[in-house]
Amino acid sequence: MVCPTGGNMSKGFAVTFMIGLLVIGVGIWAVLYKQQGAHIDPKGSILKVRTLKLDANSSAAIAEVRLTNDSDYPLVARTIEASAVTRKADVPGNIVAEFDVKELFKYYPVLGEQYNPVLKAREKVPPHSSIDREVCPPFTVPVEELGNRKDLIVRVEDITGPTAEMHEKVKH
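Because the structure is a prediction, the values reported are computed rather than measured.

Student: Sorry if this is basic, but what is going on with the side chain of Asn69 here?
Tutor: Structurally, the position occupied by Asn69 is in strand S2 (residues 58-69). Reaching out from Asn69, the side chain makes a polar contact with the side chain of Ser71 at a distance of 2.8 Å. A polar atom in the side chain of Asn69 sits 3.1 Å from the backbone oxygen of Val125. Aside from chain neighbours lying at most four places away, what touches Asn69 is Pro74, Leu75, Val125, Pro126, Pro127, His128 and Ser129.

Set out below in structure tokens:
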């Protein structure tokens, strides 16, 4: 064999060199493969949304969400935010506490039953699993405007930074 510097390379050295490159390549692949589940990348979807008239100028949305964690580590919700995209503007909503959501279902039977627990800050989604939860943000828009929204967005941020942004599939 001809060496790049112009000299001759022995056949044994060339075979050993190629085997060394192969071992290094397999080592790099193994390290990258082991790190595959180490990155938290939360995903989610909005399954169903119910709306409720609170008064003439305010309403609430009760969103059934599914949050999925495909990583090897638990996802821990740091913040939960919601906003509605109406025909007029983007309207932020505050997330209602679990006790208040139970009271909503108690005093407004038109909502039906509460299917899932409320998603709370610091709630954990175990590795390689999904959870179904409810999120209830009130909005300072009439229920008619909320009912004709273009989108409902729910964001759940993990304590390490990644965020799941869920959009409703509005059928208008």
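Student: Could you clarify how one ought to interpret helix H2 (residues 98-107) in this entry?
Tutor: Quick reminder: α-helices carry 3.6 residues per turn. Residues three or four places apart thus point the same way. Turning to H2, its buried residues number three or more, namely Val101, Leu104 and Phe105. Buried residues of H2 fall within an arc of 95° about the axis and therefore sit on the same side. Turned more than 90 degrees off the buried face of H2, the exposed positions are Phe99, Lys106 and Tyr107.

Student: Quick question: what am I supposed to make of the nonpolar core here?
Tutor: Side chains of nonpolar character tend, in soluble globular proteins, to be buried together. If you look at the biggest cluster of nonpolar residues, it comprises 25 residues, and the most contacted ones within it are Leu67, Phe139, Val154 and Val156. Among the elements of the structure, strand S1 (43-55), S2, strand S3 (75-85), strand S6 (129-135), strand S8 (151-158) and strand S9 (163-167) are those that each provide at least two residues to this core. When residues of this core are assigned to their parent elements, the largest contribution, five residues, is made by S3. When neighbours within four sequence positions are excluded, Val154 is seen to be in contact with Ile46, Val65, Glu81, Ala82, Val135, Ala164, Glu165 and Met166.

Student: So what exactly am I meant to see when it comes to the side chain of Glu168 here?
Tutor: Looking at the secondary structure, you find Glu168 in the segment after S9. Residue class for Glu168 comes out buried when judged on its relative accessible area of 15%. If we skip the residues at most four places from it in the chain, Glu168 touches Ile46, Val49, Arg149, Asp151 and Leu152.

Student: I would appreciate a short explanation of the packing of aromatic side chains in the present structure.
Tutor: The relative placement of two aromatic rings is captured by the distance of their centres and the angle of their planes. Under the definition given, this model contains one aromatic pair. Note on Phe13 and Phe17: the rings are 6.2 Å apart at their centroids and 25° apart in plane angle, and the pair reads as stacked. One end of the pair is Phe13 and the other is Phe17, both in helix H1 (residues 11-34) and four residues apart, which spans about a single turn. Residue Phe13 is classed as partly exposed on the basis of its relative accessible area of 49%. A relative accessible area of 46% places Phe17 in the partly exposed class.

Rules behind the numbers
- Residues numbered from 1 in each chain as written.
- Predicted model: local features only at pLDDT ≥ 70, side-chain atom pairs only at ≥ 80, totals over all residues.
- Heavy atoms only, no water.
- Helix = DSSP H or I, 4+ residues; strand = E, 2+ residues; numbered from the N terminus.
- Polar contact = N/O pair within 3.5 Å; in protein donor to acceptor, adjacent residues only side chain to side chain.
- Contact = heavy atoms within 4.5 Å.
- Buried < 20%, exposed > 50% of the residue type's maximum accessible area, 1.4 Å probe, protein only.
- Arc of directions from axis to C-beta.
- Core = buried A, V, L, I, M, F, W, Y, C linked by side-chain atoms within 4.5 Å.
- Phe/Tyr/Trp six-rings, centres within 6.5 Å; stacked < 30°, edge-to-face > 60°.

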